[in-house]
Amino acid sequence: MADINVDVRKETCPVPLVEMRKALRKALPGDRVIITGTHAASKKEIPMAADALSVKIVSIEESGDEWVIILQK
Amino acid sequence: MEKSIYLDNSAATKLDKRVFDEMKSYYFDNYAVATSDFGYSKGIEAKEALENARSVIAHRLGASSQEFIFTSGSTESSNLAIKGVVKALGDKKGKHIIVSKIEDYPVLHSAKALEKEGFTIDYLDVDEYGLVNTDKLAELITEKTILVSIQHGNQEIGTLQDIVKIGEICRNKNVIFHTDATHTFTRIPIDVKTVPVDIITVSAHTIHGPKGIGGLYIRKGTEIKKITDGGYQEFDYRAGIENIPGAVGFAKAVELSTDDESIRLRDMRDKIIELVLSRIPDVCLNGHPQRRIPQNANITFHYVEGESVTLHMDMYGISVSTGSACFSKSLEASHVIAAIGGNHERAHGSIRLTFGRFNTMAEIYETVDTIEKVVAQLRLISPLGHKEV
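Quick caveat: nothing in here was measured; it's all calculated off a predicted structure.

Conventions adopted
- Residues numbered from 1 in each chain as written.
- Chains lettered and ligands numbered in written order.
- Predicted model: local features only at pLDDT ≥ 70, side-chain atom pairs only at ≥ 80, totals over all residues.
- Heavy atoms only, no water.
- Helix = DSSP H or I, 4+ residues; strand = E, 2+ residues; numbered from the N terminus.
- Buried < 20%, exposed > 50% of the residue type's maximum accessible area, 1.4 Å probe, protein only.
- Contact = heavy atoms within 4.5 Å.
- Buried area = accessible area lost by both parts, 1.4 Å probe.
- Polar contact = N/O pair within 3.5 Å; in protein donor to acceptor, adjacent residues only side chain to side chain.
- Nonpolar A, V, L, I, M, F, W, Y, C, P; charged D, E, K, R; others polar.
- Domains from an automatic or database assignment.
- Salt bridge = Lys/Arg side-chain N within 4 Å of Asp/Glu carboxyl O.
- Pairing = 2+ DSSP bridges.
- Axes fitted to C-alpha atoms, helices over the stretch in contact; angles between N-to-C directions.
- Expected span 1.5 Å × (residues − 1).
- Arc of directions from axis to C-beta.

### Focus on the environment of Val-195 of chain B
No. 1: Residue placement: Val-195 of chain B occurs in the loop between strand E6 (176-180) and strand E7 (199-203).
No. 2: Owing to a relative accessible area of 9%, Val-195 of chain B belongs among the buried residues under this scheme.

### Regarding the interface of chain A and chain B
No. 1: Across the contact, twelve residues belong to chain A and 13 residues belong to chain B.
No. 2: Buried area between chain A and chain B, both sides added, is near 1,300 Å², and the carbon and sulfur share of it is 73%.
No. 3: The interface formed by chain A and chain B contains three residue pairs in polar contact (both at pLDDT 80 or more).
No. 4: Listed by contribution, the elements that provide at least two residues to the side of chain A that touches chain B are helix H1 (15-26) and helix H2 (40-52) of chain A.
No. 5: Take the side of chain A that touches chain B: its biggest share by element is six residues, from H2 of chain A.
No. 6: When its residues are assigned to classes, the side of chain A that touches chain B shows nine nonpolar, no polar and three charged.

### As for the domain arrangement of chain B
Residue and element names in this part refer to chain B.
No. 1: Along its sequence, chain B is carved into domain 1 (17-256) and domain 2 (258-380).
No. 2: Facing 33 residues of domain 1, the contacting portion of domain 2 comprises 26 residues.
No. 3: When the area that domain 1 buries against domain 2 is broken down by residue, the three leading residues are Glu-156, Ile-157 and Arg-187, summing to 30%.
No. 4: Here domain 1 and domain 2 share one salt bridge between them.
No. 5: For the salt bridge of Glu-261 with Arg-187, the shortest nitrogen-to-oxygen distance reads 2.7 Å.
No. 6: Remark: the boundary between domain 1 and domain 2 carries 16 residue pairs in polar contact (both at pLDDT 80 or more).
No. 7: Of all the secondary structure elements, the ones that give two or more residues to the side of domain 1 that touches domain 2 are helix H4 (105-116) and helix H8 (244-256).

### Description of the pattern of salt bridges
No. 1: Under the defined criterion, the tally for this structure stands at 29 salt bridges over all chains.
No. 2: Here Arg-9 of chain A and Asp-7 of chain A are joined by a salt bridge, their closest N and O atoms 2.7 Å apart.
No. 3: Close ionic contact of Arg-238 of chain B with Glu-76 of chain B constitutes a salt bridge, the shortest N to O distance being 2.7 Å. One end of the pair, Arg-238 of chain B, is in the loop between helix H7 (233-236) and H8; the other, Glu-76 of chain B, is in helix H3 (residues 74-89), with 162 residues separating them in the sequence.
No. 4: Classification of Arg-238 of chain B by relative accessible area gives buried; the value is 16%.
No. 5: Within the structure, one salt-bridge network assembled from shared partners comprises Asp-16, Arg-18, Arg-187, Glu-261 and Arg-357 of chain B.

### As for the sheet that holds strand E13 (residues 350-354) of chain B
All names here are of chain B.
No. 1: Pairing is antiparallel in the open sheet, where four strands are placed in the order E9-E10-E13-E12. Across the chains shown, the open sheet's two edge strands, defined by having one partner strand only, are strand E9 (283-286) and strand E12 (321-322).
No. 2: Across five bridges, strand E10 (residues 296-301) lies against E13 in antiparallel orientation. Pairing of Ala-297 across the sheet is with Leu-353, part of E13.
No. 3: Its contacts with the sheet place helix H13 (residues 361-380) against E9, E10 and E13, and it is angled at close to 20° to E10.

### A word on the pairing of strand E3 (residues 56-63) of chain A
No. 1: The pairing of E3 of chain A with strand E4 (residues 66-72) of chain A spans seven bridges and is antiparallel. The partner of Ser-63 of chain A across the bridge, within E4 of chain A, is Glu-66 of chain A.

### Here's the deal with helix H2 (residues 41-60) of chain B
Residue and element names in this part refer to chain B.
No. 1: Over its 20 residues, H2 runs 29 Å from end to end, which matches the ideal 28 Å to within 8%, given 1.5 Å per residue.
No. 2: Regarding H2, the residues found buried are Gly-43, Ala-46, Ala-49, Leu-50, Ala-53, Arg-54, Ile-57 and Ala-58. One face of H2 carries all of its buried residues, which in axial projection span an arc of 160°. Of the exposed residues in H2, the ones pointing more than 90 degrees away from its buried face are Ser-41, Asn-52 and His-59.
No. 3: The elements touched by buried residues of H2 are helix H1 (17-28), strand E2 (68-71), H7 and H8.
No. 4: Directly after H2, the chain includes Gly-62, whose backbone phi takes a positive value near 75°.

### Describing the sheet that holds strand E2 (residues 32-37) of chain A
All names here are of chain A.
No. 1: An order of E1-E2-E4-E3 is seen for the four strands of this open sheet, with the pairing classed as mixed. If you trace the sheet from one side to the other, it starts and ends with strand E1 (3-8) and E3, each paired once. Strand-to-strand, the axes of this sheet are offset by a mean angle of 15°, without reference to chain direction.
No. 2: Lying over the sheet, H1 contacts E1, E2 and E4, oriented at roughly 165° with respect to E1.

What follows is the structure, given as structure tokens:
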């Protein structure tokens, strides 16, 4: 099991979603994808996409302008 | 197996297995180069296969075999059409060319390249549906005009131009007329005996044929010169060893692409347009409502980004495309939507759905259900202002 970090701070739609998809394609079953971003719409959009892909949402945390979403494949 | 609905058939189609079966022996059994009657038997057989393929495709256009050459695809075909006419007539007649504003890149970028070399290019406006103004075209033609290049069917919004009328204008003014028929060949009949067009770009990749093979119809007597140096293949219009498996596959793809199939594609197109427009609020159809190619629906979903819709549809296993170039990070909106008067938001919310042989009506219903869900979800989080769903 590995952690794949995706830093999409300062990026806007649809870049965070594109990067999330890239990371998930590389991830093996059980790997975690940790996405750090700042774009508000992406914070809502990524869980939507995870749901469509049947990927587990481990946590969604926000601190100031930044958010961190952890997914598990 | 995961669900997969492919609705990007104007970008590329799935190769029909029957096409591949025809091609195989020219890779593994008879892989010779086409040779004259003075060569070895394998080469003669290869030559016969090439000429049979040429005959099938030329026949579909109402042309003679001597008027059709094979190329590597639409891009090469349109480059040869435009730059070949320039080479033949640029120094003899004039340096003026007319293209429409919504041409695909092979034509548009060829025109822009020639502009840098000192040619004068008129980029003809289109109306809100993407139709060129033929009166304006007639006005723009001068004695220095060597070529008019206006596509048959548009790659993004599907609008069909009146190539008969455009051809008549060009013929009356003694100007060569080229049309890019990449998205119409075999889907909409073209008979060069009745349509006054001089050069036509076609390709196999949009009709379930192989990638890397296309062609160019060149009416007998048209002034055009080759733009690549090498051998004397393809009636000395196109140097290089012929792609015989590709040519054989292209011909088979043409044979398999029937009028009945075009009707089937049209029915799927009309159904998806009907369902999306009736079920999803704040949408608009791009392109002409009737004068459009049978396999294309292009719809703008207001208040969402087309790229986001595309990505979310992909996560449900449905492949659609967007007309805008956001992925290139240029943030440049589609030149086609811009030309029909669409603003940035309309361009970026546009989705192109293009149908092919292997799609089913059940897939159309499933696609609409998914689009409805995705667009509703995206509108809830949209930064573009609209919150009601």
